Amino acid sequence: MQIPHEVTANPETGLYNAKVGIWLFLASEVMLFGGLFSSYVFLRLGADFPWPFHELKVLPGFINTMVLIASSVSVVTAWAALKARRYGWYQVNMVFTLLCAVAFMGIKTYEYYHKFVHYTVHFTDHSVISGHPVHESAEHHGDRIAFAAEAITLDLEKSNLEFLAGRRENKGGKEPYADPGDSPLKVTLPDTINAETKAVTPGETIDLTESWFKQKHRAFMDAKTELRKTVTDLELQKPRITPHDDAAAKAEKEEKIAAINDSIKAANDAFDAKGKEHNLTPTLKLTLAKGGDGKVIPVPFLAKERSVIKYGAAELNYRENTLLSGKLITDAIQFNVDIVDLRSTRDPEKSLVWKHLGSELKTRFLKYRDDKIAEFHEHRPKVANPEQDEDCRREAFRVEFADNDGKFMSEEEAHKFLHEPEHTISIPRSEKLFYSNFSPSLSPYYAIYFLMTGLHGLHVVGGAIVLAWFLFTGRKMYLRNPEHLANRVEVGGLFWHFVDLVWIFLFPLYYLM
Amino acid sequence: MDSAHDHSHSSHDDHDHPIDLAKSIRTYLKVGITLIAFTFITVFVAYKVDLGDKHLNIALGLIIAAFKVSLVGLIFMHLKHERGLIYKTLLFAFIFFAGMMFLFCLAYMDPIANSFLKP
């Protein structure tokens, strides 16, 4: 079916139909992004925390602005080239536009990646540091909870052995958390008790593998299902005592109920006995291999905090219901500091962050702060107490060691310096209020940043796909009716300009203000 | 700028009418360079100009952004010479946006909510 008014104007609107369609769509887009921009303003003005200001690196955003402006010029030139019947020029400009789209998304990906690998720690006194957790390695536990396990209690119903991913091997010296490789974890099962003779057989030593656990889990679940079925059948056989029953009938029913209850208890006892005989109890306590002195050799585990429900000096309980017994090695977070933010603390030198910083970083912080306060005082002499001024605090009490216009040292030197082992700090988890990478979960600022820039990025990808379609399949249409292709490119171009237009607001709002 | 005027008319008045490509490219390049220049100015204002209050810097940054957006809309999107139907369509979208901001203002100025939020 031929779509009417694809090339010529519709007499009712004076425009070809696709143009009316794209403008209706763009109007809906204005409402979508308008809603998000108003949400941004709402979040910013209502924020109960210092709203990030000049925290995003400007250069990537600036380059992306240039890239989008260049692509806007090229896409409108591509359309003009079609109107002038210059197909070669059209192709050149469209290819350039698509390269700009690829460059934009590449830079965006680079920015996102860096946000996900950088972390921030908010201390309980609201002092803040940002940087990198030390990479977990043979030498370091990184940001994991380190625990020396002597016994493992598995929940045969709920455990899934995911905790084994955090298992390490203590090779002594500088390698307390070495990768155990493919060597399976040897564990000793609990002693079994024969159901009839009550004879105790010492538990065998096995390799704790997924296949072993799956088999055990299935056997336990089968036995439990069988028990439930038996108990349900018995429960259904229980007679109902009604108010109409006479004394004899009631006594008879009660006798039957008591007999059934005995049968249920017997079924449960049989289940327990079978469990003890075949190691199919709901929880299974496994002991780890012993050394020559008869003592258990502890196995180190590094647990992600979010995979743990609770832990203490002697126990660590995973969400999957596996329990490690032994000794907590450390729950401190090993961290390399890039940024210190002491805006929200009364006295920086009494903050929790301060006691962890090395003397060199402290000296640099104080020098930077004093320089900035003096600079602020010079620019705004009317402000009586610069240290209490919000703008001054933002500039002077948040120090980015690796990026201060080369004030301390070059960015490269600073990173090398900050990542030296002696500048690694150890943060006890008890001092931590919040720990996160720069992802949407960090603050409403990053939530709306990722929402808006992510949605904008999707628009870039969508627009690029449409323009690429016109580029690679447009020749036939051009030869048949060049004006038809010109109209299509105009419509695609309008969308592309809208994408540019949104970015023109996003760039200053997020990178500059 | 005139060439853009010509193009937009050609897009809905006379579709087979060819345009002067060189003139169009010159116009678009001029607009592109203006946009880039104002991007530099925005960054400069944000980092190097202290207007005494950061809110003034924010306001200036937004005014520059609005100017850049109007250039894109008027020249690249041909809104300068578009049909009334499109203006009406956009008007409804902007009324919606203004409504959103108005709702936000109501919430922000709500004395009852503020009594909880701000001690």
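Residues numbered from 1 in each chain as written. Chains lettered and ligands numbered in written order. Predicted model: local features only at pLDDT ≥ 70, side-chain atom pairs only at ≥ 80, totals over all residues.

A. View of the overall build of chain A. When its secondary structure is counted, chain A shows 11 helices and 16 strands. Relative to the 2.2 N^0.38 estimate, which gives 24 Å for 513 residues, the radius of gyration of chain A is 34 Å and therefore markedly larger than a compact globule would have. In terms of principal-axis extent, the alpha carbons of chain A reach across some 100 × 75 × 55 Å. In chain A, buried positions account for 31% of the 513 residues. Pairs at least 24 residues apart make up 69% of the contacts formed inside chain A by residues separated by at least 6 positions. (Helix = DSSP H or I, 4+ residues; strand = E, 2+ residues; numbered from the N terminus. Rg over C-alpha atoms; globule rule 2.2 N^0.38 Å. Buried ≥ 20, exposed ≤ 12 C-beta atoms within 10 Å, placed from the backbone. Contact = placed C-beta atoms within 7 Å.)

B. Up close: the overall build of chain B. The helix and strand inventory of chain B stands at 5 helices and 0 strands. Listing every helix and strand of chain B by position from the N terminus yields α-α-α-α-α. For chain B, buried positions account for 24% of its 119 residues. A separation of at least 24 residues holds for 51% of the contacts in chain B among residues at least 6 apart in sequence.

C. Fine view of the confidence of the model for chain B. Residues and elements named next belong to chain B. On average, residues of chain B carry a pLDDT of 79, and 78% of them reach 70 or more. Mean pLDDT values over the elements of chain B span from 42, in helix 1 (residues 2-12), up to 91, in helix 2 (residues 21-48). Segment residues 1-16: pLDDT under 50, and 37 contacts once partners within four positions in sequence are set aside and those in other chains are kept. Interface predicted TM-score (ipTM) for the complex: 0.82; the corresponding pTM is 0.80. (pLDDT = per-residue confidence, 0-100.)

D. Geometry of the interface of chain A and chain B. Contact with chain A, which involves 49 residues of that partner, is made by 47 residues of chain B. The biggest single contributor to the side of chain A that touches chain B is helix 2 (residues 58-83) of chain A, with 13 residues. For the side of chain A that touches chain B, the per-class residue count stands at 30 nonpolar, 11 polar and 8 charged. (Nonpolar A, V, L, I, M, F, W, Y, C, P; charged D, E, K, R; others polar.)

E. Structural context of helix 11 (residues 482-512) of chain A. Residues and elements named next belong to chain A. Here helix 11 contains 31 residues, and its C-alpha end-to-end distance of 43 Å stays within 8% of the 45 Å for a straight helix at 1.5 Å per residue. At Leu506, helix 11 shows its maximal kink, close to 25°; a proline, Pro508, follows between one and four residues later. Of all the 31 residues making up helix 11, 26 are buried; the element is thus mostly covered by neighbouring parts of the structure. (Expected span 1.5 Å × (residues − 1). Bend = angle between axes of the 7 residues up to and from the residue.)

F. Geometry of the nonpolar core. Within the largest apolar cluster, 65 residues are counted, with the highest numbers of intra-cluster contacts made by Ala78(A), Trp79(A) and Leu82(A). Mapped onto this core, the elements with two or more residues apiece are helix 1 (17-46), helix 2, helix 3 (87-117), helix 10 (444-480) and helix 11 of chain A together with helix 2, helix 3 (54-76) and helix 4 (84-109) of chain B. Of the residues forming this core, the biggest block, 16 residues, is contributed by helix 11 of chain A. Setting aside residues no more than four positions away along its own chain, Ala78(A) makes contact with Tyr90(A), Asn93(A), Met94(A), Thr97(A) and Val489(A). Counting 26 residues, the second largest nonpolar core, distinct from the first, contains Tyr368(A), Phe376(A), Ala396(A) and Ala402(A). (Core = buried A, V, L, I, M, F, W, Y, C linked by C-beta atoms within 7 Å.)

G. Focus on the packing of helix 2 of chain A against helix 11 of chain A. All names here are of chain A. Between helix 2 and helix 11, whose axes approach to 9 Å, the crossing angle comes to 165°. By the angle between their directions, the pair helix 2 and helix 11 is classed as roughly antiparallel. The chirality of how helix 2 crosses helix 11 is left-handed. (Axes fitted to C-alpha atoms, helices over the stretch in contact; angles between N-to-C directions. Parallel < 35°, antiparallel > 145°, perpendicular 65-115°, else oblique. Left-handed = near helix turned anticlockwise from the far one by under 90°.)

H. Up close: the pairing of strand 8 (residues 283-288) of chain A. Residue and element names in this part refer to chain A. Burial along strand 8 is one-sided: the residues Leu284, Leu286 and Leu288 are buried and none of Thr283, Lys285 and Thr287 is. In the sheet, strand 4 (residues 185-188) pairs with strand 8 via 2 bridges, with the strands oriented antiparallel. Among the inter-strand pairings, Thr188 is bridged to a residue of strand 8, identified as Thr287. (Pairing = 2+ DSSP bridges.)

I. Main features of the environment of Arg398(A). All names here are of chain A. In this structure, Arg398 sits in strand 14 (residues 398-400). On a C-alpha basis, the gap between Arg398 and Ile129 in space is 9.3 Å, while along the polypeptide they are 269 residues apart. In contact with Arg398, not counting residues within four places along its chain, are Ile339, Asp341 and Arg343.

J. Unusual backbone geometry, seen in detail. Residues and elements named next belong to chain A. Look at Leu161: it is not a glycine, yet its phi comes out positive at around 65°. By the secondary structure assignment, Leu161 is in the loop between strand 3 (145-155) and strand 4. On the neighbour-count criterion, Leu161 (18 C-beta atoms within 10 Å) is partly exposed. The backbone of Asn321 sits at a positive phi, close to 80°, despite the residue not being glycine. Judged by local crowding, Asn321 falls into the partly exposed class, with 17 C-beta atoms found within 10 Å.

K. Summary view of the environment of Ile36(B). By secondary structure assignment, the location of Ile36(B) is in helix 2. Judged by the 16 C-beta atoms lying within 10 Å of it, Ile36(B) is partly exposed. Leaving out residues up to four positions away in the same chain, Ile36(B) has contacts with Met66(A) and Ile69(A).

L. Representation of helix 1 of chain A in the model. The first and last C-alpha atoms of helix 1 of chain A sit 44 Å apart over 30 residues, in line with the 44 Å expected at 1.5 Å per residue. When helix 1 of chain A is considered as a whole, its buried residues turn out to be Lys19(A), Ile22(A), Trp23(A), Leu26(A), Val30(A), Phe33(A), Phe37(A) and Tyr40(A). The secondary structure elements touched by the buried residues of helix 1 of chain A are helix 10 and helix 11 of chain A together with helix 4 of chain B.

M. Spatial organisation of the pairing of strand 12 (residues 323-330) of chain A. Residues and elements named next belong to chain A. Pairing analysis gives 7 bridges linking strand 3 to strand 12, with the strands arranged antiparallel. By the bridge assignment, Ile152 is partnered in strand 12 with Leu324. Bridge analysis of strand 11 (residues 315-318) against strand 12 gives 3 bridges, and the strand direction is antiparallel. Residue Leu316 lies in a different strand from strand 12, and its bridge partner there is Leu324. Here strand 11 hands over to strand 12 after 4 residues, with Asn321 in that stretch at a positive phi of 80°.

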